[in-house]
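Summary of structural features
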Amino acid sequence: VQLQASGGGLVQAGGSLRLSCVASGRAFGDYRMAWFRQAPGKEREFVAAIARRGGITTYADSVKGRFTISKDNAVNTLYLQMNKLKPEDTAVYYCAASSSVILSQIRNGAQYAYWGQGTLVTVSS
């Protein structure tokens, strides 16, 4: 599967953005999907994940209550709605897909075989 992320940009603290990740190739519904991010000078970190059919979601503590992950299998698109953004949310955001990751490893980026190119989110204070 090929992934194309978009929707990043510059926003003031407290603002909102919605990221999208369009998938092409194998059936989108076969994949567990996730968002990761990497801030300058830091390691990549898990943000959120969603089950194949979209019923189960998992969030990093740092974004819980502010971010919402969703997917629309009909249009092969993964979303990340980001509200109440903070300067520390500034990072390149990557979407990722896996057909085999188990729930206990869902935060582990090494379990995801497919990655989008990343989209930059900058939150100004």
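Owing to the predicted nature of the structure, the values given are computational and were not obtained by experimental measurement.

Right, let's talk about the environment of Gly8 for a bit. Within the fold, Gly8 resides in the loop between β1 (2-6) and β2 (9-12). For Gly8, a relative accessible area of 33% translates into the label partly exposed. Residues Gly8 and Gly118, spaced 110 residues apart in sequence, show a C-alpha to C-alpha distance of 8.9 Å. Gly8 has contacts with Leu17, Leu19, Thr119, Leu120 and Val121, leaving out every residue within four places of it along the chain.

Glancing now at the pattern of salt bridges. Under the counting rule described, the total for this entry stands at four salt bridges. For Arg37, the salt bridge is made with Asp89, and the minimal N-O distance between the two is 2.9 Å. Of the two residues, Arg37 sits in strand β4 (residues 32-38) while Asp89 sits in the loop between β8 (77-82) and β9 (91-98), which places them 52 residues apart along the sequence. Just as Arg37 is buried, Asp89 falls in that class too. In this structure, Arg66 and Asp89 form a salt bridge, with 2.7 Å as the shortest nitrogen-oxygen distance. Of this pair, Arg66 sits in the loop between β6 (57-59) and β7 (67-72) while Asp89 sits in the loop between β8 and β9, and the two are 23 residues apart along the sequence. Both residues of the pair, Arg66 and Asp89, count as buried. A network of salt bridges, in which partner residues are shared, links Arg37, Glu45, Arg66 and Asp89.

A few words now on the state of the cysteines. One way to say it: the disulfide is the covalent bond shared by the sulfur atoms of two cysteines. This model, assessed by the stated rule, comprises one disulfide. Disulfide pairing is shown between Cys21 and Cys95; the S-S distance is 2.1 Å. Handedness of the Cys21-Cys95 disulfide follows from its S-S torsion of about 65°: it is right-handed. In this pair, Cys21 is assigned in strand β3 (residues 17-24) and Cys95 in strand β9, connecting sequence segments 74 residues apart. Just as Cys21 is buried, Cys95 falls in that class too.

So, how was this worked out
- Residues numbered from 1 in each chain as written.
- Predicted model: local features only at pLDDT ≥ 70, side-chain atom pairs only at ≥ 80, totals over all residues.
- Heavy atoms only, no water.
- Helix = DSSP H or I, 4+ residues; strand = E, 2+ residues; numbered from the N terminus.
- Buried < 20%, exposed > 50% of the residue type's maximum accessible area, 1.4 Å probe, protein only.
- Contact = heavy atoms within 4.5 Å.
- Salt bridge = Lys/Arg side-chain N within 4 Å of Asp/Glu carboxyl O.
- Disulfide = S-S within 2.5 Å.

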